[in-house]
Amino acid sequence: MTFATLGLAPEVQKAVAEQGYENPTAIQSQAIPVILTGQDVLGAAQTGTGKTAAFTLPILTKIIRHASTSVSPARHPIRVLILAPTRELVDQVYDNVATYSKYTGLRSHVVYGGVDLKAQIPALRAGVEVLVATPGRLLDHIGQKNINLSQVEILVLDEADRMLDMGFILDIREIFKLCTNRKQTLLFSATFAPEIVKLSNEFMNNPVKIEVARQNSANESVKQELHPVETGRKRALLAHLIRVHDMGQVIVFCRTKIGAEQVSRELKRAGFNCEAIHGDRDQKARTEALNKFKAGETKVLVATDVAARGLDVTDLPFVVNFELPTNPEDYVHRIGRTGRAGATGIAISLVAPEEDKAYNGIKALLKRDLPLIPVPGFSPGTIQIVDERESSRERFASDRGERGAGRAARGERDRFGRRDSQVRDAHVRDGGMRDSAPAGERMPSRAARDAMDIPAFPSDLPKLPKRGPQIAALFLPKRTAPPQA
Ligand code: AMP
């Protein structure tokens, strides 16, 4: 199939040809004809599939008849409203709209939060046919009567699941209601959670469902490497891996804004050329960071899922999951940033013990085992603790004199240099002898015991986690034998 056979306006086709696209992608060849007929579409497609062009090209074709050279704002009401969850996505969609509408004479504009609201007003008042917006800021403008949605014919919700995750549901419902002349609705979402289905049942008219294969669910060109490591050592391991792999460019995904900021700061301190994008950074900083990364000036981009979701940053040789995402599908999105177009990419994940749920979720989604391979020097320990626990119990029993009769008879001392009777005395006196020193005897301080990594009491031993056997075994701390007294 070619773009010429899809029924797009010649002005739109011309812009597409300039982009050098030879053939429509799967989502484009499926969605474009349906959208052109005016039907509602419920689309499951992710970034990288050509999804944005899949809705932008037919939309522009449909509204090209409204293009006008008039300077009167009344001749330029909003005909198409595209909602997206983040400012970056709005910008990205807008870039597509601007590119493909180049020869159409249609006007387009963006609104999103985090920047001066007033600065957005003049362009809105002048009138635009296509508006790309985040829901919150859009409603702010509506409240101030800078925007009127009554002429909107086509409403698009991009990354709808993410918008709901971000708590935009009420805003979205309100926006739906304000588009009183809406004729067509297009909703794109990575998942069809019950809320999305509910929304579509309520506001959409018998939508055509279009799904393109989930990207990378079986992309063998992405090599997945997972390393077990304790949380406190992740930053050191990350720096180590960036160095040993000689990563040209890498996106490092963090779960939280605070985490992303901390990791980025640490990497900068360690001398890496690094930037962060997350919701706590202002728009200007985010855009700059992204542009510098795209231009290759920045080597490491630390990002949260929300900030990075849908961003057209692909073809990276490396992606690092500093933390596993809670939602297993985000793992697929994240690692999909690498291994494109036949090139092999490496997706590295640093997995801490408390991430077992996310880890198991990802394995279940991918339906494959993902072995955790320790990095020398960063290994969180081995299964040795199981034996150690037993021997510690024995030691404890011995300390309490249950097994110490022979030793006592021989006048031997325990591992802290205590005679058996002294241990018993202290045990009784201290109601369990935690941190207690037998009278007149030297007992290693708690700090010293910690330094030696010796648990004084069985209760100090790490609890054996009720986790998947593989991950649990790997995370049991390695204990060294106490020095003999
Ligand atoms: P999207 O899924 O919309 O984020 O698009 C991902 C990337 O694919 C963007 O950089 C587009 O410019 C590019 N793209 C879109 N359609 C095509 C096509 N038919 N052929 C080649 N590249 C495309």
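A brief report on the enclosed structure follows.

Brief notes about the layout of surface pockets
Item 1. In this structure, the second largest pocket encloses a volume near 450 Å³.
Item 2. In terms of lining residues, the second largest pocket is bounded by 25 residues, among which Thr86, Met166, Gly279, Arg286 and Val306 are the most central.
Item 3. Of all elements in the fold, only helix H6 (135-143), helix H13 (305-308) and helix H14 (328-335) reach the threshold of two or more residues within the lining of the second largest pocket.
Item 4. Looking at the lining of the second largest pocket residue by residue, the classes come out as six nonpolar, ten polar and nine charged.
Item 5. When residues of the lining of the second largest pocket are assigned to domains, at least three fall in each of domain 1 (3-211) and domain 2 (222-366).

Observations regarding the environment of Gln13
Item 1. Mapped onto the elements, Gln13 comes out in helix H1 (residues 10-19).
Item 2. Considering only alpha carbons, one finds Gln13 and Ser101, 88 residues apart in sequence, at a separation of 9.8 Å.
Item 3. Excluding anything up to four places from it in sequence, Gln13 contacts Phe3, Ala4 and Leu8.

What about the packing of helix H4 (residues 87-100) against helix H12 (residues 283-294)?
Item 1. Relative orientation of the contacting elements H4 and H12 amounts to 60 degrees, with a least axis distance of 10 Å. With respect to each other, H4 and H12 are oriented oblique. Crossing angle aside, the handedness with which H4 passes H12 is right-handed. In contact with Arg87, Glu88 and Asp91 of H4, H12 contributes Gln283, Arg286, Thr287 and Leu290.
Item 2. Here the contact of H4 with H12 is composed, by residue class, of one nonpolar, two polar and four charged.

Quick notes on the pattern of salt bridges
Item 1. The full count for this structure, using the stated rule, is 20 salt bridges.
Item 2. A salt bridge links Arg269 to Glu266; the nearest nitrogen and oxygen atoms lie 3.3 Å apart. Of this pair, Arg269 and Glu266 both sit in helix H11 (residues 257-269), separated by three residues, roughly a single helical turn.
Item 3. Taking the relative accessible area as the measure of exposure, Arg269 reaches 64% and is therefore exposed.
Item 4. A relative accessible area of 29% places Glu266 in the partly exposed class.
Item 5. Between Glu288 and Lys284 there is a salt bridge, with its nearest N and O atoms 3.6 Å apart. Taken together, the positions of Glu288 and Lys284, both in helix H12 and four residues apart, correspond to about one turn of that helix.
Item 6. Overall, Lys284 belongs to the exposed group, its relative accessible area being 61%.
Item 7. When salt bridges that share partners are traced, they join Lys51, Asp158 and Glu159 into one network.

Points about the pairing of strand S2 (residues 80-83)
Item 1. Residues Val80 and Ile82 line one face of S2 and the alternating positions Leu81 and Leu83 line the opposite face, and both faces are buried.
Item 2. As paired elements, S2 and strand S5 (residues 154-157) share four bridges and run parallel to each other. Bridged to Leu81 within S5 is Leu155.

Examining the side chain of Gln249
Item 1. Tracing the backbone shows Gln249 in the loop between helix H10 (234-244) and strand S9 (250-254).
Item 2. Separated by 2.8 Å, the side chain of Gln249 and the backbone oxygen of Phe293 make a polar contact.
Item 3. Polar side-chain contacts of Gln249 include one of 2.7 Å to the backbone oxygen of Thr298.
Item 4. Gln249 has contacts with Phe293, Gly296, Thr298, Lys299, Leu316, Pro317 and Phe318, leaving out every residue within four places of it along the chain.

Quick look at the packing of aromatic side chains
Item 1. Taken as a whole and assessed by the stated rule, the structure comprises three aromatic pairs.
Item 2. Relative to Tyr100, the ring of Tyr21 lies with its centre 6.5 Å away and its plane at 65 degrees, an arrangement referred to as edge-to-face. Of this pair, Tyr21 sits in the loop between H1 and helix H2 (26-36) while Tyr100 sits in helix H4, and the two are 79 residues apart along the sequence.
Item 3. We classify Tyr100 as buried; its relative accessible area is 3%.
Item 4. Cation over ring: Lys14 sits above Tyr103, and NZ or CZ is 4.1 Å from the ring centre.
Item 5. Looking at Lys234, its charged tip hangs above the ring of Phe322, at a distance of 5.7 Å from the centre.

Definitions and limits used
- Counting from 1, residues in each chain are numbered in the order their sequence is written.
- Only residues with pLDDT of 70 or above have their local features reported here, since the model is predicted, and side-chain atom pairs are shown and tallied only from 80 upward, although totals for entire chains, interfaces and linings are computed over all residues.
- Excluded from the side-chain calculation are hydrogens and water; included are all heavy atoms of the structure.
- Only protein atoms enter the 1 Å grid used here, on which a cavity is any set of points holding a 1.4 Å probe that cannot leave and a pocket is any open set flanked by protein within 12 Å on both sides along at least five of seven lines; residues with an atom within 4 Å of a point are listed as lining.
- Grid points are joined across faces, edges and corners, and a volume is the space filled by probe spheres set on the points.
- The secondary structure listing takes helices from DSSP runs of H or I that are at least 4 residues long and strands from runs of E that are at least 2 residues long, numbered from the N terminus.
- Under the grouping applied here, Gly and all other residues not named as nonpolar or charged are polar, the nonpolar ones being Ala, Val, Leu, Ile, Met, Phe, Trp, Tyr, Cys and Pro and the charged ones Asp, Glu, Lys and Arg.
- Domain delimitation follows an automatic or database domain assignment.
- Throughout, a residue-residue contact means that at least one pair of heavy atoms, one from each residue, lies within 4.5 Å.
- An axis is simply a line fitted to the C-alpha atoms; with a helix, the fit covers only the stretch in contact. Between two such axes, the angle follows the N-to-C directions and lies from 0 to 180 degrees.
- Angle categories: roughly parallel below 35 degrees, roughly antiparallel above 145, roughly perpendicular from 65 to 115, and oblique for all the rest.
- Handedness of a helix crossing follows the sense of rotation of the near helix relative to the far helix, less than a right angle counterclockwise being left-handed and clockwise being right-handed.
- Here, a salt bridge means any side-chain nitrogen of Lys or Arg that lies within 4 Å of a carboxyl oxygen of Asp or Glu.
- Under the scheme applied here, a residue whose accessible area is under 20% of the maximum for its type counts as buried, over 50% as exposed, and between as partly exposed, the area being computed with a 1.4 Å probe on protein chains only.
- The rule for pairing is simple: two strands pair if DSSP sees at least two bridges between them.
- By the criterion applied in these results, polar contacts are pairs of N or O atoms within 3.5 Å in which, for protein atoms, one can donate a hydrogen and the other can accept it, and in which residues neighboring in sequence qualify only through two side-chain atoms.
- Side-chain rings of Phe, Tyr and Trp (the six-membered ring for Trp) are treated as a pair once their centres are within 6.5 Å; stacked means planes under 30 degrees apart, edge-to-face means over 60, and tilted covers the remaining angles.
- Remark: a charge is flagged as sitting over a ring if the NZ atom of Lys or the CZ atom of Arg is within 6 Å of the ring centre and within 35 degrees of the ring normal.

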